[in-house]
Amino acid sequence: MPFRKRPPNTKLTRAALLTKHGRLRIVEKRTKQSHFRANLQDGFNWLLAHSSLWLLMFFFSGYTLCYLIFATFWYTIYLNDDSCLSEVSTFNEAFLFSIELQSTIGFGSKYVLGTCRWGIFVMLLQNITGALLDASLLGLIFARITRPDRRAYTLRCSTRAVVCHRDGQRCLLIRIADLRQKEAPLIACSAKLYLLHEHVTAEGEVISYNCQPLDLLDDEPLLALPTYVVHKITDDSPFADVYHQDDLADMKAELIFVLEGTISDLGLTLELRTSYLPNEVLFDYRFEACCERSHKGKCLIDWAKFDDTVSVSSTSSLTVPSPLSPVVFPTASRRSSSAKTRDGNGQHLASRILNGIGIELTDEEADVDGVVSDTQLIPKSVSFV
């Protein structure tokens, strides 16, 4: 994941292990010698991780240093035997000869005589060194240009995660999308979700960063359209006893999401990483729909609604009453007489209402001691049509 720089005069307020843009916030304590040895053993990737300006300066200084070193050799050969080189009598002329030799732009009047053994050896050594330098530095520039990190800027993750019910099951959701799926699609995508929290073992050991993978409903998402990463909260889930942001804060929890994919045109693998703190996980919320189907069957995507959430009321769902549960009637008065609860044909109003929805109830069962209570009507025999 590429690392975006923060605007100036801003403070880092997210006390997280992973920033929203994928940078790990780690402070290492080690000696300078061990740090130098580690970088020396993996020098290519160490150079590749630096900025482009630093890499260009290294490119320029590498060639200049090579020209100067071999210019010193040629000038030393001239001082020992002035008949080895033609038209080389000063250090400036030796430096110019070194550039002409390594870049193969032509000698002109400057050349090495065939009788100079040391000159032939230094010429061979400089040609081999120049070829290795070209392969290393040009390969480094090419690898820097073709890095797939910039492609990850076109991948979007919702700024917040939500916990809501889907088909009667509590779920943790994150919305993801690819802005360039139409031009440069990603293939072989895989999603992973981790819960990082503090854990105390039965033996009293404190694990500051306990990482637990969360099972996903679909760990290979299709990014053709904005989609969801869904974790079903079951009894075995670490979110089974989490119902509020304070519960996550007490656990010192942090959600880490990782999305990997391969660029179809280049065959390069990229990785998107982001994290969610407890205050970025919304409970009893859902994402607002950002996709609509047009009359021609096309998908209309409103990116302005990608991060929008909508509060979900826990009482908005309709439940079917159980035969053994009390039937509640919204009446103006809690108690009414038996005469007032019968229609013109003498049928009890409560039994008429229940019979209309498929529940068989006699007038004697509906009228208890001449008093009708909207919370005491428990039918003895119930049948659903």
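Residues numbered from 1 in each chain as written. Predicted model: local features only at pLDDT ≥ 70, side-chain atom pairs only at ≥ 80, totals over all residues. Heavy atoms only, no water.

### A look at the overall build of the protein chain
So, step 1. Summing up its helical and strand segments, the protein chain has 8 helices and 17 strands in all.
So, step 2. Taking all 385 residues of the protein chain together, 34% fall into the buried category.
So, step 3. If you take every contact in the protein chain between residues at least 6 apart in sequence, the share linking residues at least 24 apart comes to 62%.
So, step 4. Working note: accessible area of the protein chain is about 24800 Å², and carbon and sulfur atoms make up 56% of it. (Helix = DSSP H or I, 4+ residues; strand = E, 2+ residues; numbered from the N terminus. Buried < 20%, exposed > 50% of the residue type's maximum accessible area, 1.4 Å probe, protein only. Contact = heavy atoms within 4.5 Å. Areas by Shrake-Rupley, 256 points an atom, 1.4 Å probe, with all protein chains shown as cover.)

### Remarks on the pattern of salt bridges
So, step 1. Counted under the stated rule, the structure contains 6 salt bridges.
So, step 2. Asp307 is the partner of Arg156 in a salt bridge, and the nearest nitrogen-oxygen pair spans 3.2 Å. Taken as a pair, Arg156 in strand β3 (residues 155-157) and Asp307 in the loop between β14 (299-301) and β15 (309-311) lie far apart in primary sequence, 151 residues in all.
So, step 3. Taking the shortest distance from any N to any O, the salt bridge between Glu198 and Lys252 comes out at 3.5 Å. Of this pair, Glu198 sits in strand β6 (residues 186-200) while Lys252 sits in the loop between α6 (245-250) and β9 (254-263); the two residues are 54 residues apart in sequence, bridging distant segments of the chain. (Salt bridge = Lys/Arg side-chain N within 4 Å of Asp/Glu carboxyl O.)

### A word on the packing of helix α4 (residues 91-103) against helix α5 (residues 117-145)
So, step 1. Here α4 crosses α5 at 60°, and the two axes come no closer than 9 Å. When you trace α4 past α5, the crossing you get is right-handed. Along the contact surface, α4 presents Ser98, Leu101 and Gln102, while α5 presents Met123, Gln126, Asn127, Gly130 and Leu133.
So, step 2. For the contact of α4 with α5, the residue count by class is 3 nonpolar, 5 polar and no charged. (Axes fitted to C-alpha atoms, helices over the stretch in contact; angles between N-to-C directions. Left-handed = near helix turned anticlockwise from the far one by under 90°. Nonpolar A, V, L, I, M, F, W, Y, C, P; charged D, E, K, R; others polar.)

### Things to note about a nonpolar patch on the surface
So, step 1. A cluster of nonpolar residues, Leu65, Ile69, Phe73, Trp118, Phe121 and Leu125, forms a patch on the protein surface that exposes about 630 Å² of accessible area.
So, step 2. Inspection of the secondary structure assignment puts Trp118 in helix α5.
So, step 3. Judged by relative accessible area, Trp118 falls into the exposed class, the value being 64%. (Patch = residues over 30% accessible without salt bridge, like charges linked within 9 Å, V, L, I, M, F, W, Y side chains within 5 Å.)

### Section: α5
So, step 1. Here α5 is 29 residues long and its end C-alpha atoms lie 42 Å apart, about the 42 Å a rise of 1.5 Å per residue gives.
So, step 2. Every buried residue of α5 is listed here: Gly119, Val122, Gln126, Gly130, Leu133, Leu137, Leu140 and Ala143.
So, step 3. At its buried positions, α5 is contacted by α2 (43-48), α3 (52-80), α4 and β2 (111-112). (Expected span 1.5 Å × (residues − 1).)

### Describing α3
Along an α-helix, residues three or four positions apart point the same way, because every turn accommodates 3.6 residues.
So, step 1. When the terminal C-alpha atoms of α3 are compared, their 43 Å separation across 29 residues agrees well with the 42 Å that a helix rising 1.5 Å per residue should span.
So, step 2. All buried positions along α3 are accounted for by Leu55, Tyr63, Cys66, Tyr67, Phe70, Ala71, Trp74 and Ile77.

### Some details on the packing of aromatic side chains
So, step 1. Tallied over the entire structure, the rule returns 11 aromatic pairs.
So, step 2. Ring geometry for Trp46 versus Trp54: centroids 6.0 Å apart, planes at 75°, classification edge-to-face.
So, step 3. Where Trp118 meets Phe121, the ring centres are 6.2 Å apart and the plane angle is 85°; that geometry is what we call edge-to-face. Of this pair, Trp118 and Phe121 both sit in helix α5, 3 residues apart, which is roughly one turn of that helix.
So, step 4. Chaining the aromatic ring pairs together yields one cluster made of Trp46, Trp54 and Phe58.
So, step 5. Note that Lys20 overlies the ring of Tyr276, its terminal NZ or CZ placed 4.2 Å from the centroid. (Phe/Tyr/Trp six-rings, centres within 6.5 Å; stacked < 30°, edge-to-face > 60°. Lys NZ or Arg CZ within 6 Å of the ring centre and 35° of its normal.)

### Side note on the confidence of the model for the protein chain
Reading predicted coordinates in detail is not appropriate for stretches of low pLDDT.
So, step 1. Per-chain confidence: the protein chain averages 78 in pLDDT, with 76% of residues scoring 70 or above.
So, step 2. Across residues 1-12, where pLDDT falls below 50, the model places 20 contacts with residues more than four positions away in sequence or in other chains.
So, step 3. Here residues 368-385 scores under 50 on pLDDT; set against residues more than four positions off or in separate chains, the count is 39 contacts. (pLDDT = per-residue confidence, 0-100.)

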